[in-house]
Amino acid sequence: MKSFFKENIYTVVRMIIYQLAMSIFGFSMSMACAKNRTLLLVSGIFAVGLYLFLLYFMMYEIGQKDGIKIDGGRLAYKPMKGFFIALVANSVNILLSVLAIFGKAMINGLGFFERIAQLMPAESAVLSPSWAVNLYSVCDFAARFLQCMYTGVAKILMPDNVLSLALMPLPGILVAAAAYPLGVKFCMGVRKKDKESRSDRYR
């Protein structure tokens, strides 16, 4: 574990910086398009797509660099490396979503589906216990603020649903998990890999 952090802390920090930058971008887009639902959804999809593209490109490039070392026998292949890097980078997002869902579930006077769906933070002021209300409100706000690139999509598809917080980190984690092994596989370029596969076929 210690060696993993030592080797990948730069990538983790870089991924967090990308998230913060895209969060600011997503917030600006959502504010500009807030009055039009169609534009809000389109801008949200664009912000999410751009964020995922940046993550994919970053992890693919890292996979290519590692792939050269792997081919030379200087590095062991770890296909889940991208997944674990993204998981660590999103650990704060995951923790906030878990705490927000837990806090909302503990609020009294709500049915199960009400606890996890249509409750605005402002409406929770009259509910109890206060610790659960505060936990939900603070964590919900923090999680959405740190992942504003998903604001447009979340407001249209899952408005005020706390479960959307648990879904937000998943696309980035899955993209990073897929991009790294692809980078390793095509570290020398697609054409060379195709040529090698054809030569193996006729041996």
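Provided above is the structure to which this section pertains.
Residues numbered from 1 in each chain as written. Predicted model: local features only at pLDDT ≥ 70, side-chain atom pairs only at ≥ 80, totals over all residues. Heavy atoms only, no water.

1. So, the side chain of Ser 43
Inspection of the secondary structure puts Ser 43 in helix H2 (residues 37-71). When sequence neighbours within four positions are dropped, the list of residues in contact with Ser 43 reads Met 29 and Cys 33. (Helix = DSSP H or I, 4+ residues; strand = E, 2+ residues; numbered from the N terminus. Contact = heavy atoms within 4.5 Å.)

2. Overview of the pattern of salt bridges
The full count for this structure, using the stated rule, is three salt bridges. In this structure, the salt-bridge partner of Glu 61 is Arg 14, at a minimum N-O distance of 3.9 Å. On the criterion of sequence distance, the pair formed by Glu 61 in helix H2 and Arg 14 in helix H1 (residues 2-32) is long-range, its members being 47 residues apart. The partner of Lys 81 in a salt bridge is Asp 66, with the nearest N and O atoms 2.7 Å apart. Of the two residues, Lys 81 sits in helix H3 (residues 81-89) while Asp 66 sits in helix H2, which places them 15 residues apart along the sequence. Each member of the pair, Lys 81 together with Asp 66, is buried. (Salt bridge = Lys/Arg side-chain N within 4 Å of Asp/Glu carboxyl O. Buried < 20%, exposed > 50% of the residue type's maximum accessible area, 1.4 Å probe, protein only.)

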